[in-house]
Amino acid sequence: MRKKYPFDVIEPKWQRYWLEHKTFAAREEPGKPKLYVLDMFPYPSGAGLHVGHPEGYTATDIYCRFKRMNGYAVLHPMGWDAFGLPAEQYAIDTGTHPAETTRKNIATFRRQIQMLGFSYDWDREVDTTDPSYYRWTQWIFLQLFKAGLAYQAEVPVWWCDGCKAVLANEEVNADGTCDRKGHKDVYRRPLRQWLLRITAYAERLLKDLDLVNWPESIKEQQRNWIGRSEGAEVDFRAENGEVIRVFTTRPDTLFGATYMVLAPEHPLVDRLTTAAQRAAVEAYRAAAAKKSELERTQLEKEKTGVFIGAYATNPVNNERIPIWVADYVMMGYGTGAIMAVPAHDTRDLEFARKFNLPVRVVVQPIDNSDPVGFTGDGISVNSGLITGLPTPEAKKKITAWLEEKGLGKATVNYKLRDWLFSRQRYWGEPIPIVHCVQCGPVPVPEDQLPLRLPDLADYTPTGTAEPPLAKATDWVRTSCPKCGGPGQRETNTMPQWAGSCWYYLRYLDPHNDRAFVDPAKERYWMPVDLYVGGAEHAVLHLLYSRFWHKVLYDLGHVSTPEPFLRLVNQGMILGEDNQKMSKSRGNVINPDDVVREYGADAFRMYEMFMGPLEATKPWSTQGLEGVYRFLGRLWRLYCDEDGTLVVDDSPPTPQLLRVLHQTIQKVTEDTESLNFNTAIAQMMIFVNEVTTQPARPRAVLEPFVLLLAPYAPHLAEELWEKLGHTGSLAYERWPQADPQWLRADTVEIVVQVNGRVRDKLTVPADLSATELEQRALASPRVQEFLRGCRVQKKIVVPGKLVNLVATREG
RNA sequence: GCCGUCGUGGCGGAAUUGGCAGACGCGCUGGACUCAAAAUCCAGUGGUGCUCAAACACCGUGUGGGUUCGACUCCCUCCGACGGCACCA
C-alpha cells in the first residue's frame, strides 16, 4: 500500500535527532515547576513489546510533552524490571546465562520503545539486574535488617513441585495452582525464610491512602488487603485452667456465645482434649492438615468439626459452653480461636445447625425482622448490663467492663501478613547476609556491596529446599564480617518485587555510586506526580513500594511520606475479537507490524483515540486506519504531493480563527485531564474545517502544529521544520486560546413546550431573560403548540433554553 | 457471598453544573474522479410511523419505579458484564 505521508522517513529522522541532541534530558531547574511522570517499567520478556505497553507510555509521553511546552521541568524515565523467572527457566532449558538473555531482551524492548518516539531521558535508564543498581537494593535491605524489619522464621510456605520453588502467598491462585505456570502440585511445607515486617506499617499504609490521588477502586483493594478490623480480645477460661483468648468484632454479642471453636492448628487443642475425644480430634486434625487450601475454602462449603470434650466459662455470664475444633477457624487470623455466636454470625449459625448447638438471640433488629442470623447493628437483648443498648454503645460498654475486670481489651486486627521475602531461585538479588555460627546472621558490610551473583554452570533447582546458589560452594563459603570466623552466605535471593520497590528513586540520580540517591535531587523531584500502569499491580507492587518508601522516610533518606501522588491505571487492550490477546487465540497485534505499515504517530494516536485511558477496549485495525487517514489528510493540508509547503500568508477568516481557538481550548483542557480521545476528536474537527476552506493561512496552521506535537511528535516536528523553524519544537510555548474567538455573537436557543423541543431560535448571545421569553412566545411554531393551552410556568435559562409549561384549557 | 467499576446506534465512543442524546472515528449507502479499480473528495446514515420523498410526529441511553418544568446525568429496585477479595470471627 502506498504511504499516505512519508512517516518512514520522518520518524527515524526525528528519533535520531532527539537522541543525538538529548532533547529530553531532564535537569533540575530551580526557576521552573517540576513534574515527575513515571511509567511502570516493564519486565523485558522474550516476546517483545505488547500493544498494551505503549498505551500507558503514550499517555504519559503526551502529558510530558504537553507540560514541557507549558514550562515545566519534566522527568520522564524508563528502565527494566529484569530479574525474574522466565530468563532463569530459559537458562535451565538452554544453558544460556540469564544475564545474556536479559541483555538481548532489553535491547529488543529498547528498540521497540524508541521506535515509538517516546520522550524519555535515556541517560537515566535503569536495569534492576545491573550490579550497580542492585547494590542499592541490597543496601536498602540492610537498612531494613538493621531496623529490625527483616527477620528469619520457620514458616509454612507454599512449595510448588513443578517450579521446584517456594511461592509467595500471592503467587498461589485461589484454586490452589501456581500463578506462574499453573502447576497443580502446590502445598505447604515449613522452611526457613526471610520475612519483612510490613505489618508494623499496616496502620500507616492504611491511613496514608488518604494522602494520595488514586482511583477509588485501588485504594479500596489496598484497604481490603490490609483488612483492619476493630474489636476486642476476650479471655475464656477452660475447666482445666487454660486461658483461651478469642478475637471478636462483636463483643456486644458475648451473651449469645453458645460454644467455642479452636483452629485445628491451635496449640491448646492438645492440652484441652479429653481422653474420650482424643482419637476423634486427632483424626480430624490430621485430615485438616492434609487438606489443600482449595478443599478448605472452595469446595468445602459444608462445615465440619469435632467436639474436644472440654468446656470453657463465658466470662460475662459464667455459663459453661463446649469447645470444638473446626477448620472454619483459621490459625493465621486473630488468635486462632473464636467464641461462636450462632444467632448473629452466618458461619456459626451454619455450624450450630449442623451439630445441633443452641442458638441464642442477643441482638434485636430495629425493623423487627427475624433476629436469628441477623448480623447487623441493632439493640442488645438478654445481655445483662448492656441490654437495651444499641450495638455501638453496647460494644463500648462491654469492652470497658472487660478491661476493668481484666478479662479482655479493645484490639485492632489486620489481615495483612508479613511479607515473605526470600525465593529459592538464582536470578534475583543475593541477600547480603552471612550466617555465622557465633554471631548469627551478619550483614555484609555496606562498602562491600554489591554482593554479586556468582556465575553458575547449572541453574537447575536442587530439587530440595536448597536454592541453586548453594551450588556455588566457593561463593557460599566465606568469613564472618564480625568475628572473622567461618561463615556461609545466604543462598536465598530476593523476590522480583524488590527491584521495583524503589526504582523510581534511582531514576533521580542513576549514576550515583556514593548513595542510592542524592538528597537534594530527591527533594527536587519527589514525589512522583503521575504514575501510570496496569491495575494488576493494584495491591502488591504498590503496597510493597509504599512500605519501603515509608521505611526510607522514617530513616530520613526520602522527604515524602508517600511516593506516588497520583495513580492512573490504563485499561487492557483486547484483540479484535473482543477477547484477551493471546498467542493461542491468534489475535495478538504486534507493534512492529503496526509501525512498519502505519507509522509510530498513527499507532500512538490510534491507541489514544480508542477510548478513555482507563477503559478496557478492543483493538480495531479499521479504527487504526481511520486515524492514519486523518494524519494523511492533515499532512496534505500543509504539503502538496512533492512535500512542498502549501501554507500561505493569507489573513485567516474569522471562522478559521474561531475553530483554531476552540481547538486550542479543548486540546489544552483535555490533555491536562488525560482525556486524549476527545482532544483528538477536536483536532479532527479542526482539520475537517480547514479542508473545506481554500486558503491555508499560516496564522492558523502554525499554532495547530504545536497542539499536535504531543500526540504525533514526529509529524509535528517535520511540519514545524517545513514551516521554516530550526531545531525541535519540544520547548516551544504552548498556544493560548484567545477568549475573543471563543465568544459566540449569536447562540441557538432551544424552545421547549412541556419539555419537548418545538423550535430553535438564533439570538444574540447576551440577550436578556425577559427578551428571550418574549421571542420564544412569539415563535409561530411554539404558538401552534400552545393553542388552547394556558402557560403555567416559564423556565428561561439565558444562553441555553426556554421551557414553557402549559396545560390544556377547558 | 462481600467490595469496587460499569451498562448509550451495526461497532469504538461523545455529552461542562440536571438543559438540543449520539460529537469524532469506523462501518454502511449514494455520488464525483477513473476505461476500471485502489486512493482521494462530496453527501447521507438511531428506530418506527406517515403508500416514496420532504415536512412532521412518536419512541429511544440495561429493567421497573421515583424526584424535577426538564434525567444518559440525581435517588430506590431488579438484571447483566468486568475487576478484586473470599469461612478474616
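Residues numbered from 1 in each chain as written. Chains lettered and ligands numbered in written order. Predicted model: local features only at pLDDT ≥ 70, side-chain atom pairs only at ≥ 80, totals over all residues. Heavy atoms only, no water.

> Is there a simple way to think about the domain arrangement of chain A in this case?
Where interface size is given, it is often the accessible area lost as the parts come together that is meant. The domains assigned to chain A are domain 1 (7-122 + 498-570), domain 2 (229-413), domain 3 (430-492), domain 4 (583-741) and domain 5 (744-808). If you average the C-alpha positions of domain 2 and of domain 3, the two centres end up 47 Å apart. (Domains from an automatic or database assignment.)

> Teacher, can you tell me more about the protein's contact with RNA strand B here?
Taken together, the neighbourhood of RNA strand B is formed by 52 residues, with Thr249, Lys303, Tyr333, Arg347 and Lys760 sitting nearest. Backbone atoms, meaning sugar and phosphate, make up 67% of the atoms of RNA strand B lying within 4 Å of the protein. Separating a phosphate oxygen of RNA strand B from a side-chain N or O atom of asparagine 677 is a distance of 3.0 Å. Top element by residues in the surface near RNA strand B is helix H22 (residues 676-691). It accounts for six residues. (Near = heavy atom within 4 Å. Polar contact = N/O pair within 3.5 Å; in protein donor to acceptor, adjacent residues only side chain to side chain. Helix = DSSP H or I, 4+ residues; strand = E, 2+ residues; numbered from the N terminus.)

> Would you take a moment to explain helix H18 (residues 591-598) for this structure?
The α-helix advances 3.6 residues per turn, and as a result positions three or four apart in sequence lie on the same side. Considered for burial, the residues of H18 that qualify are Pro591, Asp592, Val594, Val595 and Tyr598. When H18 is viewed along its axis, its buried side chains cluster within an angular range of 165 degrees and face the same direction. Between the side-chain oxygen of the N-cap and the backbone nitrogen of aspartate 592 there are 2.8 Å, and the N-cap of H18 in question is asparagine 590. Positive backbone phi, at 90 degrees, marks glycine 599, one or two positions downstream of H18. (Buried < 20%, exposed > 50% of the residue type's maximum accessible area, 1.4 Å probe, protein only. Arc of directions from axis to C-beta.)

> Hey, could you run me through the sheet that holds strand E2 (residues 73-75) in this one?
Hydrogen bonds along the backbone pair up the strands of a sheet, which may run parallel or antiparallel. Taken in spatial order, the four strands line up as E2-E1-E22-E23 in an open sheet, and their pairing is parallel. Each edge of the open sheet is held by one strand with a lone partner, namely E2 and strand E23 (567-570). Looking at each pair of strands side by side, their axes are set apart by 20 degrees on average, direction ignored. (Pairing = 2+ DSSP bridges. Axes fitted to C-alpha atoms, helices over the stretch in contact; angles between N-to-C directions.)

> Quick question: what am I supposed to make of the pattern of salt bridges here?
Oppositely charged side chains may form a pair once their charged atoms are brought near each other. Evaluation of the coordinates by the stated rule reveals 45 salt bridges. A salt bridge links arginine 278 to aspartate 270; the shortest N-O distance between them is 3.8 Å. Of the residues examined, arginine 278 reaches a relative accessible area of 32% and is grouped as partly exposed. Judged by its relative accessible area of 39%, aspartate 270 falls in the partly exposed class. Among the charged side chains, a salt-bridge network with shared partners connects Asp208, Arg546, Lys550 and Glu562. (Salt bridge = Lys/Arg side-chain N within 4 Å of Asp/Glu carboxyl O.)

> What is the right way to look at the sheet that holds strand E20 (residues 477-479) in this model?
On the basis of which strands lie adjacent, the open sheet formed by four strands has the order E19-E18-E21-E20 and antiparallel pairing. This sheet does not close on itself; its edge strands, each paired only once, are strand E19 (440-443) and E20. Neighbour to neighbour, the strand axes of the sheet diverge by 40 degrees on average, direction disregarded. Relative to strand E21 (residues 486-489), strand E18 (residues 433-436) runs antiparallel, the two sharing three bridges. Bridged to histidine 435 within E21 is glutamine 488. Strand contacts of helix H5 (residues 131-146): E18 and E19, with the helix running at about 130 degrees to E19, the strand carrying the most contacts. (Contact = heavy atoms within 4.5 Å.)

> How do you make sense of unusual backbone geometry when you look at a structure like this?
Trans is the common state for peptide bonds, and a negative phi is the common state for residues other than glycine. Look at the link from leucine 449 to proline 450: it is a cis peptide, with omega at 0 degrees. Here proline 450 shows up in the loop between E19 and helix H13 (473-476). Residues methionine 526 and proline 527 are joined by a peptide bond in cis, for which omega reads 0 degrees. Within the secondary structure, proline 527 sits in the loop between helix H16 (519-525) and strand E22 (530-534). You will see that asparagine 356, though not glycine, has its phi angle at about 55 degrees, which is positive.

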